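Here's the letter readout for the chains.
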Amino acid sequence: MVLLKYPCSLIQKIPTAGCLVIITILYSCTPSSLNREKILQTIQEVDSKRLNNALHSPGDWITHGLTYSEQRYSQLKEIHSKNITDIGLAWSLNLGTRRGLEATPLVVEGIMYISGPWGKVFAIDARKGELIWKFDPKVHGSYAQRACCDIVNRGIALYQGKVYVGALDGRLIALAADTGEKIWEKQTVDTTQAYTLTGAPRVVKGKVIIGNSGGEYGVRGYVSAYDAESGELVWRFYTVPGNPKDPFENAAMALAAKTWKGEWWKYGGGGTVWDAMAYDPELDQLYIGTGNGSPWNQQHRSPGGGDNLFLSSILSLNPANGNLIWYYQTTPGDSWDFTATQHMILADIPLAGKMRKVLMQAPKNGFFYVIDRMNGKLLSAEPYVYVNWASKVDLKNGKPQIHVNRTYQGLNSQVFPSPWGGHNWQPMAYNPETGWVYIPARERGMTFGHDPYWTFDSSTVRFNTGVRYNRKFPYLQDSLAPSPTEKLIAWDPIEQKEIWSVEQPTMYNGGVLATAGNLIFQGSSEGIFAAYDATTGKILWSTDLKTGIIAPPISYEVDGKQYVSIAVGWGGAWGTVQKHTEEIYPGTLYTFVLGGEAPLPAYPEFPQKELINLPVTATEQELFHGMVQYGIHCKICHGTPGDAGGNIPNLAWTRPEVFALFEEIVLEGLKLPNGMPQFQGTLSPEDVYAIKNHILATAQKRGSP
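So, here is what we can say about the structure in this document. (Residues numbered from 1 in each chain as written. Predicted model: local features only at pLDDT ≥ 70, side-chain atom pairs only at ≥ 80, totals over all residues. Heavy atoms only, no water.)

**Details of the state of the cysteines**
Among covalent bonds in proteins, the disulfide is the one between the sulfur atoms of two cysteines. We count it as follows: Note on terminology: pairs of cysteine sulfur atoms within 2.5 Å are recorded as disulfides. Buried, partly exposed and exposed residues are distinguished by accessible area as a fraction of the type maximum, computed with a 1.4 Å probe on protein chains only: under 20%, between the cut-offs, and over 50%, respectively.
Going through the model one piece at a time under the given rule, you end up with one disulfide. Linked covalently through their sulfurs, Cys148 and Cys149 form a disulfide whose S-S length is 2.2 Å. Its S-S torsion of approximately -85 degrees makes the covalent link between Cys148 and Cys149 left-handed. With no disulfide of its own, Cys634 lies closest to Cys637 among cysteine sulfurs, the gap being 8.8 Å. Judged by its relative accessible area of 10%, Cys634 falls in the buried class.

This is how it looks when you write it as structure tokens:
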């Protein structure tokens, strides 16, 4: 725990021997509005009743999606489309990290809480941007190897005086909201397997709901509920069946097992619950989204086919006991990483002359779904981006009509969307005034091919999808395929059509906020934070924050003033290896207000980089071996040698004095605290020698005129 920026003259007069006394008086030195008792009382008031009625507290942002319905629509309108050009920076706070920031901050009566990489938590004075306390879960650096998509964290939960966060290593931790001290922690995963925890927990009826990640590494997905007070496990719902020789956990798993073939349980199965959740207090239904199969390729995972329940599905659970109420599967037999973990929104909308309680989702597979959230019945589904893996979704049986040539059996097939999705984890938003959903979307394809050499080894942590380009088979390209495009879409869920869209030049832009001021806020991978007219899509205001933005913004009110905050820290799945700004500056929290005049932080310039230029001493055979080993163990984080790189260094730009420590870094774990894995036992010295020379040889080719 760290307390900063509240100097007190009394402290300077206390002798060194009295250092313990400082801890007890620090809170008396803080502003009266942020003393210990005030913080504790404020967060104690966030109980089930207040969470159920979050709309009655429009100035606060007390749960991940603002309300349980996850609409991300702020009722605040002091800042609106007519005066948006008058906003400026109120404050900024350097969070001291250079990894991806994906979290949604929570704010209660002027106190902000936000999580960062590894599951760190920061408590902040939301008026001034001054740090109150910081918590570090001290995750061992080796867990970075298990994280497919950066060591990110998407948020925290608040409930009755506690802050709940999931650490990357699978621990669910409860902190005291006033001090940041740990109250309890529970290990939610089997640490011998490649699970990680990156999603934001939710608190529903006194239970902390949390899922996990790891679908690319051979794990079995599930979601768990823990008692918010004691931390004891209340229930757990597995999303895919285990070994049929063992008793099934419940009737849902017995049902699901009938839709699988082969020995899927040996490979984990997948279906991890790594992001989306929503809750309807009136219906008392908890909604979760499930992920891709493990491995992706169904021909390996479940030879002979089958729907493979409950992969890529939306599930309704009873929050009291975790029992399944209904399910809807967006992508039966998923072979493309078409997760249904993307943001879900609950709303009441008129359909065919009748108000319907619906759940809306734009998952990776490119179709926008409107589902009756009472019973799971599909009401409509239409493509919101270019789709070629299926022709349509049959409203009678709710299933897509899949083009068999896009299942890449006996060929290499160009499939749209790609595993990046028509829409990924970045939250969309719903404006009940316009009636539209605002989606951070993309049109991008990928070539899928069956990997005939695929094997699974649970002792080796590596990206394991069963997909690769197979040179023995023909390539089926899509002649109608659009050029790769990123865009912000305004989507009418009633008419199932695009109202407007704004094309964006670079990949992996941030989540979205809608406000009653007829505004849509979004950050871009180019570092531009912008406000759009919600009706027309016209950009009304923007500012350059110099570093790519992936997180969603929020809006809150303190002392009668409306603020808009955004966490800026480049990273995530795309940002580890690519960037769209000249540099990547430290992760920083920015907050804007009408009339704000604070200067942007002045970060030092980075020194000019040069490609590493050292002698290559390996044979051609060794270089080929190095290329293969680099592709297996290094490329997913460091990218292709010589590329610009992302928030993880591209090794072709390594300084000679650092490159001289290559063996110590790779085999002995010299950079383990930074998240660089230790490969002792996985790679041999000969492997490392070959990898090192592959990097040098590639850098030389890139540097040749």
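The discussion continues.
**Thoughts on the pairing of strand β36 (residues 528-533)**
Threshold: Helix numbers and strand numbers start at the N terminus; a helix is a DSSP run of H or I with at least 4 residues, a strand a run of E with at least 2. By the convention used here, strands pair only if DSSP detects at least 2 bridges between them.
The buried fraction of β36 amounts to five of the six residues, a majority that puts the element mostly inside the structure. The antiparallel pairing of strand β35 (residues 519-523) with β36 creates a hairpin that spans four residues between the two strands, and Gly527 there sits at a positive phi of about 90 degrees. The sheet contact formed by β36 and strand β37 (residues 539-544) spans five bridges and is antiparallel. Its bridge partner being in β37, Phe529 is matched across the sheet by Thr543.

**Re the pairing of strand β21 (residues 344-351)**
Across the eight residues of β21, six count as buried, placing the element largely inside the fold. Judged from the eight bridges that link them, β21 and strand β22 (residues 354-361) form a sheet pairing that is antiparallel. Residue Asp348 lies in a different strand from β22, and its bridge partner there is Lys357. The antiparallel hairpin formed by β21 and β22 contains two residues in its connecting segment, where Ala352 sits at a positive phi of about 55 degrees.

**A few points about the environment of Thr290**
Spelled out, the test is: Throughout, a residue-residue contact means that at least one pair of heavy atoms, one from each residue, lies within 4.5 Å. Definition of a polar contact: a pair of N or O atoms within 3.5 Å, with one able to donate and the other able to accept a hydrogen when the atoms are protein atoms, and with sequence-neighbouring residues admitted only if both atoms are side-chain atoms.
Of note, Thr290 is situated in the loop between β17 (285-289) and β18 (293-294). Residue class for Thr290 comes out buried when judged on its relative accessible area of 0%. It is 26 Å that separates the C-alpha atoms of Thr290 and Val139, two residues lying 151 residues apart in sequence. Apart from residues lying up to four places away in sequence, Thr290 is in contact with Thr239, Gly271, Thr272, Val273, Phe310, Leu311, Ser312, Ser313, Leu315, Thr339, Ala340 and Thr341. Within the local environment of Thr290, its side chain forms a polar contact with the backbone oxygen of Phe310, the two atoms lying 2.6 Å apart. Polar contacts involving the side chain of Thr290 include one to the main-chain amide nitrogen of Ser312, which spans 3.1 Å.

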